[in-house]
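One letter stands for each residue in the lines below.
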Amino acid sequence: MVNKKIVALGGGIGTVNLINGLKSFTNNVTVIASMADDGGSAGRIRRLFSMPPPGDLVSCIAAFSDAGDVLKKLLTYRFAGERYGSDGSLGGHKLGNLMMVALTGVTGDFNKALEEMQRIFKTRGKILPATVDPVTIWAQTSVGERVDREENIDLGRFTGLIEKLHLKPENPKASKGVKEALATADVIVAGPGDLYTTILPTLLVPEIRDAIKDSKAKKIFIVNVANKLFETPNYKVNDYMEAITKHCGSPLFGYVFMNRKISLKIPSKYERQYELVPLDYSKSKNYSVIEKDLIDDKFPLYHDSIKLAKAVMENI
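Note that the structure is a prediction, hence the values are computed from the model and not measured. (Residues numbered from 1 in each chain as written. Predicted model: local features only at pLDDT ≥ 70, side-chain atom pairs only at ≥ 80, totals over all residues. Heavy atoms only, no water.)

Q: Teacher, can you tell me more about the pairing of strand S4 (residues 136–141) here?
A: The side chains of a regular strand alternate between the sheet's two faces. Where S4 and strand S6 (residues 162–168) come together, six bridges link them in antiparallel fashion. Paired with tryptophan 138 across the bridge in S6 is histidine 166. The pairing of S4 with strand S5 (residues 146–148) spans three bridges and is antiparallel. Of the residues in S5, the one forming a bridge with tryptophan 138 is aspartate 148. Linkage of S4 to S5, two consecutive antiparallel strands, is achieved through a turn of four residues, within which glycine 144 is found at a positive phi near 85 degrees. (Pairing = 2+ DSSP bridges. Helix = DSSP H or I, 4+ residues; strand = E, 2+ residues; numbered from the N terminus.)

Q: Could you clarify how one ought to interpret the sheet that holds S4 in this entry?
A: The strands that make up a sheet pair up through hydrogen bonds in the backbone, lying either parallel or antiparallel. Spatially, three strands are ordered S5-S4-S6 in an open sheet, and the strand pairing comes out antiparallel. Two strands close off the open sheet at either side, each with one partner strand: S5 and S6. Between one strand and the next, the sheet's axes are offset by a mean angle of 20 degrees, whatever the strand orientation. Together, S4 and S6 form the strand contacts of helix H9 (residues 195–203), whose direction differs from that of S6 by roughly 50 degrees. (Axes fitted to C-alpha atoms, helices over the stretch in contact; angles between N-to-C directions. Contact = heavy atoms within 4.5 Å.)

Q: Is there a simple way to explain the nonpolar core in this structure?
A: Note on soluble globular proteins: their nonpolar side chains tend to be buried together. Core analysis: the biggest nonpolar cluster contains 91 residues, and Leu182, Leu203 and Phe221 have the highest contact counts within it. Tallying contributions element by element places helix H3 (residues 55–64) first for this core, with seven residues. Excluding residues that lie within four positions of it along the chain, leucine 182 makes contacts with Val7, Leu9, Ile32, Ile188, Ile208, Ala211, Ile212 and Ser215. Ranked by size, the runner-up nonpolar core spans seven residues in total, among them Ile266, Tyr274, Leu276 and Leu301. (Core = buried A, V, L, I, M, F, W, Y, C linked by side-chain atoms within 4.5 Å. Buried < 20%, exposed > 50% of the residue type's maximum accessible area, 1.4 Å probe, protein only.)

Q: Just to check I follow, could you spell out the packing of H3 against helix H4 (residues 69–76) for this structure?
A: For any two helices packed against each other, one specifies the crossing angle of their axes together with the interaxial distance. Their axes nearest at 9 Å, the elements H3 and H4 cross at an angle of 170 degrees. As summarised for this structure, H3 and H4 are arranged roughly antiparallel, according to the angle between their axes. Within the contact between the two elements, H3 uses Val58, Ile61 and Ala62 and H4 uses Lys72, Leu75 and Thr76. Considering only residue class, the contact of H3 with H4 consists of four nonpolar, one polar and one charged. (Parallel < 35°, antiparallel > 145°, perpendicular 65-115°, else oblique. Nonpolar A, V, L, I, M, F, W, Y, C, P; charged D, E, K, R; others polar.)

Q: Which parts of the structure should I look at to understand the packing of aromatic side chains?
A: What characterises a pair of aromatic rings is the spacing of the ring centres plus the angle enclosed by the ring planes. Enumeration according to the criterion identifies eight aromatic pairs in this entry. Centre to centre, the rings of phenylalanine 221 and phenylalanine 253 are 5.8 Å apart; their planes meet at 45 degrees, and the pair counts as tilted. Taken together, the residues phenylalanine 221 in strand S8 (residues 218–222) and phenylalanine 253 in the loop between helix H11 (237–248) and strand S10 (255–259) connect sequence positions 32 residues apart. We note that phenylalanine 221, like phenylalanine 253, is buried. (Phe/Tyr/Trp six-rings, centres within 6.5 Å; stacked < 30°, edge-to-face > 60°.)

Q: Mind showing me how you'd approach the layout of surface pockets here?
A: Which parts of space are left empty comes out when a probe the size of a water molecule is rolled across the atoms. Counted as a void, the largest pocket has a volume near 1400 Å³. As for the largest pocket, its lining consists of 48 residues, of which Gly12, Ile13, Arg83, Asp194 and Tyr302 are closest to the centre. The set of elements that each furnish at least two residues to the lining of the largest pocket consists of helix H1 (13–22), helix H2 (40–49), H3, H4, helix H7 (150–154), H9 and strand S9 (226–228). Class assignment of the residues belonging to the lining of the largest pocket gives a composition of 17 nonpolar, 19 polar and twelve charged. Computed from the structure, the second largest pocket encloses a volume of approximately 410 Å³. Of all the elements in the fold, those that place two or more residues in the lining of the second largest pocket are strand S1 (6–10), helix H6 (110–120), strand S3 (126–129) and helix H8 (178–183). (1 Å grid on protein atoms, 1.4 Å probe; cavity = no way out; pocket = protein on both sides within 12 Å on 5 of 7 lines; lining within 4 Å. Points joined across faces, edges and corners; volume = space filled by probe spheres on them.)

The structure is reproduced here in structure tokens:
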């Protein structure tokens, strides 16, 4: 096992994929998860109980858990029904999210509940919310439209292209332990994950952004295997990095990993929603691009967990 401290930023499906691979190589991983989620089960819980969204945190707990397969499946078990249903209905909720509600009630504190969940489910790594301040996002588009809420951006309920993302409030405080984790990290990894609804909402927390800038760690950005056609249409590596620079004031990451195997076909069910990120970029003085076969051959929308983890471990 490698002892270097790795901090993974994001918290969504891409981060879960990454840590599912990393846990085979190291126990020293901290996840800092976006708290801007307001869709699906997590969003309904957020509105109904006035608490931070637990969804990504619960998914990361399940990925890190050594509690056994049955307990991990319980965490991610979703009740039959509509994920985007009425806030008061049980259908579509993830059991782990409801457990976070219950533990928050028992302990009287969301952070304590998160600590207890990690203890109960024997997580190898550590999971931290980016902020516990109630935070939402909104975007300006190329046609002058304002799009409020993460759910509306995530589901493509807008016209034009996303030009600028904003946090509301603009200056939420980082959660306890976040700044220390970044200050002591040997490696900081952002992505994979949705650029405007997962990655940037984490990076835009001022104390997180500044801690990354100040850190002496090796900083890696992982470009998605596939673009969402309504969120990052036709984006190439340079477009991802330009978006980070535009929002954060600097590229932040000195190394960029991208998938070089682009011969696979997007599953027909998703071909109108996604396209593979092209193997096409211009060299930059600010970051080095590392090309590797990182794709999941069986489901070529995502990275292969082990391929991705090996690529990270080989370059730290």
